[in-house]
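# Structural overview for review
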Amino acid sequence: MEFEILAKALDELGRISSRIALTNTLVDLFKITPREEIRKVVYLLQGRLWPDWKGLPELGVAEKLLIKAISMATNIREEEVDARFKESGDLGKVAEYLKTVKPKGGGGLLQFIGGGEKEKLTVTKVYESLVKIATAEGEGSRDLKLRILSALIKEATPIEARYIVRFVEGRLRINIGDATIMDALAIAYGGSKNARLFIERAYNLRADLGDIAEQLAYHGLEYLKNITPTFGIPIRPMLAERHRDPKEMLEKVGGRAYVEYKYDGERAQIHYSENEVQIFSRRLENITHQYPDVVEAIRGSISAKEAIVEGEIVPFDPDSGEMRPFQILMTRKRKHEIHKAMKEVPVKVFLFDILYVDGKDLTNEILPKRREILEKVVKPNERVEIAKYIVAETPEELEKFFLEAISNGAEGVMVKSISEKSIYQAGNRGWLWIKYKRDYKSEMTDSVDLVVVGAFYGKGKRAGKLSTLLLAGYDDNEDVYRTVCKVGTGFTDEELERMTAELKELAIDHKDPMVESDIEPDVWVRPTKVAEVIGAELTLSPLHSCARDTLAPGTGISIRFPRFIRWREDKNPEDATTCKELVEMYRQQLKKLEEEPTEPAETGEP
Ligand code: ATP
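Definitions and cut-offs
- Position numbers for residues start from 1 in each chain and track the written sequence from start to end.
- Confidence filtering applies because this is a predicted model: local features only for residues at pLDDT of at least 70, side-chain atom pairs given and counted only at 80 or more, and all residues used for totals across whole chains, interfaces and linings.
- Values shown for side chains rest on all heavy atoms present in the structure; no hydrogens or waters enter the calculation.
- Domains are outlined according to an automatic or database domain assignment.
- To sort residues, take the accessible area from a 1.4 Å probe on protein chains only and compare it with the maximum for the residue type: under 20% means buried, over 50% means exposed, and anything in between is partly exposed.
- Helix and strand assignments come from DSSP, with helices taken as H or I runs of at least 4 residues and strands as E runs of at least 2, each series counted from the N terminus.
- Strands are treated as partners if at least two bridges between them are detected by DSSP.
- Nearness is judged by heavy atoms alone; a residue qualifies as near a molecule or strand once a single heavy atom is within 4 Å of it.
- In protein, a polar contact requires one atom able to donate a hydrogen and another able to accept it; more generally it is a pair of N or O atoms within 3.5 Å, and residues adjacent in sequence count only if both atoms are side-chain atoms.
- Note that Gly is not counted as nonpolar here; it falls among the polar residues with everything else outside the nonpolar set of Ala, Val, Leu, Ile, Met, Phe, Trp, Tyr, Cys and Pro and the charged set of Asp, Glu, Lys and Arg.
- Should any heavy atoms of two residues lie within 4.5 Å, those residues are considered in contact.
- In these notes, a set of buried Ala, Val, Leu, Ile, Met, Phe, Trp, Tyr and Cys residues joined through side-chain atoms within 4.5 Å is what counts as a nonpolar core.

Turning our attention to the domain arrangement of the chain. Accessible area lost on assembly of the parts is the figure often given for the size of an interface. By domain assignment, the chain separates into domain 1 (48-169), domain 2 (239-441) and domain 3 (448-593). Computed from C-alpha coordinates alone, the two centres of domain 1 and domain 2 are separated by 46 Å.

This is the structure in structure tokens:
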């Protein structure tokens with residue numbers, strides 16, 4: 001397919017905002033996309049060349065190199081390209097414009113426009129060139145990247161140049177997420193929006209939307225319905241709701257439940273085969289290299305040909321056998337010194353689920369069945385254990401176990417349904433799992449994870465530094481980010497330095513199309529970074545757009561006295577706390593206040 005068709009669709013997608021119109025544009029695009037190219041089209045729409053978990057290189061083209069490539073391709077001096085970029089803030093538009101003008105001092109008159117006699121760029125050609133750019137490494141790779149990129153821009157029509165440049169910059173400026181792509185795939189290939197359910201389920205079991213689209217295009221919906229998890233392709237994790245009332249928690253799961261330690265470490269989805277072990281993080285990055293000791297320990301503990309298990313990797317003290325604070329796991333991120341870090345920070349993995357074994361998809365089995373299989377397949381050793389749990393029927397049992405868990409270094413407990421409905425809901429947050437954490441003394445009982453959408457410069461000592469963040473929650477219905485609060489406390493001086501530099505990298509010259517905000521920050525940023533924040537309480541606010549009109553007309557939800565806790569590098573922006581969850585937290589807070597108007601929270605600290 002001609003790349004220009006995709007470029008024109010991207011142009012349209014950038015100009016519309018209604019979800020229906022976006023979906024329709026995508027449907028039209030998918031309908032004319034040949035099936036050999038659908039995988040590539042989906043990746044390009046996602047702004048990537050392959051799923052992140054493959055751990056393959058990124059494009060690695062710095063702004064300067066991109067400017068040089070545009071200059072070479074258009075015969076316009078680098079200084080001029082740079083000046084135009086500074087003026088407009090959109091390098092894609094600059095490239096597009098320069099492709100339409102005649103270079104000073106000769107050059108073919110509008111030689112590349114329309115491309116009449118020239119061969120047209122195809123999606124495959126563009127994709128393959130981008131892959132070559134990403135995978136070029138070692139000596140001479142910078143020149144190679146430059147050559148390929150300038151040749152590509154040279155061959156491109158103006159609108160194609162705009163999108164090639166934007167893609168390389170990592171800023172497509174379109175208003176769609178995976179949800180909209182799945183809707184469109186359902187209509188284009190599955191007959192109607194009803195097919196979305198099956199596409200989503202397949203995507204949840206194999207987190208590769210390009211691959212799912214290709215399977216759908218080649219084999220149809222029936223094939224997709226029977227898809228199972230596969231070794232090496234991560235499953236999107238099941239997530240928990242939160243609550244603080246043991247009695248209500250038990251009611252929500254039907255009276256009886258597994259209550260498990262909620263370990264405080266790093267979530268790990270471990271793919272085991274006789275020849276290889278791979279570990280994926282909460283956000284599905286391949287983190288195998290950080291945990292050679294876990295790989296070893298798992299090898300010695302699983303008796304099956306292939307299995308996918310889930311657990312939490314926790315730092316622990318081999319001398320005392322006690323768990324240690326999760327923060328020290330950070331040393332495991334240093335790639336070069338992993339063997340040193342392994343000694344300094346020994347870890348243990350506590351397994352709590354099994355999703356697949358020897359060709360069998362277990363995600364549709366109920367939790368007690370999965371636990372039974374887990375206990376059969378896993379033989380605990382020094383570094384591998386099954387998560388500690390009880391079957392609880394009364395709030396008192398639950399509370400007692402919760403206090404025990406905390407005194408043993410856990411963060412709280414997970415209350416899990418063991419009913420007939422208790423399947424593994426990959427990629428979904430629901431009431432089959434409920435988290436019950438310890439921070440119940442403050443009014444705001446749990447921290448929230450919010451997305452940075454803008455920033456403000458500080459004053460006085462902080463002048464020149466981006467020291468206050470504008471944060472947003474995720475509205476998963478509309479696939480947009482809506483503001484919740486500004487946060488300017490909790491940062492160390494060191495953090496402020498780092499943050500300013502990082503935010504400047506992410507700065508954009510106008511509000512991102514996926515952001516809804518009435519507040520105008522000094523600097524808009526692309527919604528990519530997630531910050532964990534806690535405050536005194538949740539409040540209603542007319543200034544913020546998160547859940548506006550849901551709790552009271554004209555007001556949204558906000559946080560009073562918010563404080564930055566830490567960055568959540570392990571979360572994607574869509575994993576941020578949703579506006580719906582904030583509403584639920586607010587309602588629970590109100591209820592608690594109504595029940596105990598003058599008393600502090602009833603559940604005491606251990
Ligand atoms: P979420 O993952 O729900 O978006 P979060 O990343 O802030 O939120 P938490 O609120 O700490 O995480 O709770 C969920 C996490 O608890 C899981 O992702 C998992 O890493 C961890 N966990 C620890 N023990 C268990 C357990 N027994 N069962 C399930 N998850 C557990």
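This is not the end of the story, as more comes after the structure.
A large share of strand β11 (residues 412-417) lies buried, amounting to six of its six residues. Of the strand pairs in this sheet, strand β2 (residues 257-262) and β11 are connected by six bridges, and their pairing is antiparallel. Note on β11: the bridge partner recorded for K262 is G412. Pairing geometry for β11 and strand β12 (residues 429-437), over five bridges, is antiparallel. Residue pairing for β12: G412 is matched across the bridge by K437.

On to the site of the ligand, then. In the vicinity of the ligand there are 19 residues, among which E260, K262, R282, E312 and K435 approach most closely. Y261 places a polar main-chain atom, nitrogen or oxygen, 3.0 Å from a nitrogen atom of the ligand. Here the shell around the ligand takes four residues from β12, the largest share from any one element. Classifying every residue of the shell around the ligand by side-chain character gives six nonpolar, no polar and 13 charged. When residues of the shell around the ligand are sorted by domain, at least three fall in each of domain 2 (239-441) and domain 3 (448-593).

Take K529: it is sitting in the loop between β18 (523-525) and β19 (530-534). When its relative accessible area of 9% is taken as the criterion, K529 is described as buried. Here the alpha-carbon distance between K529 and V453, two residues 76 residues apart in the chain, equals 8.3 Å. If we ignore the near neighbours within four places in the chain, the residues touching K529 are L450, V451, V452, E502, L506, W567 and E569. Of the polar contacts made by the side chain of K529, one reaches the side chain of E502; its length is 2.9 Å.

F30, L45, L49 and L130 are the most contacted members of the largest nonpolar core, which totals 112 residues. Residues contacting L49, with those up to four places away along its chain left out, are Y43, L44, L59, Y127, L130, V131, A134 and F167. If you look at the next biggest cluster of nonpolar residues, it comprises 33 residues, including F491, L506, L538 and I559.

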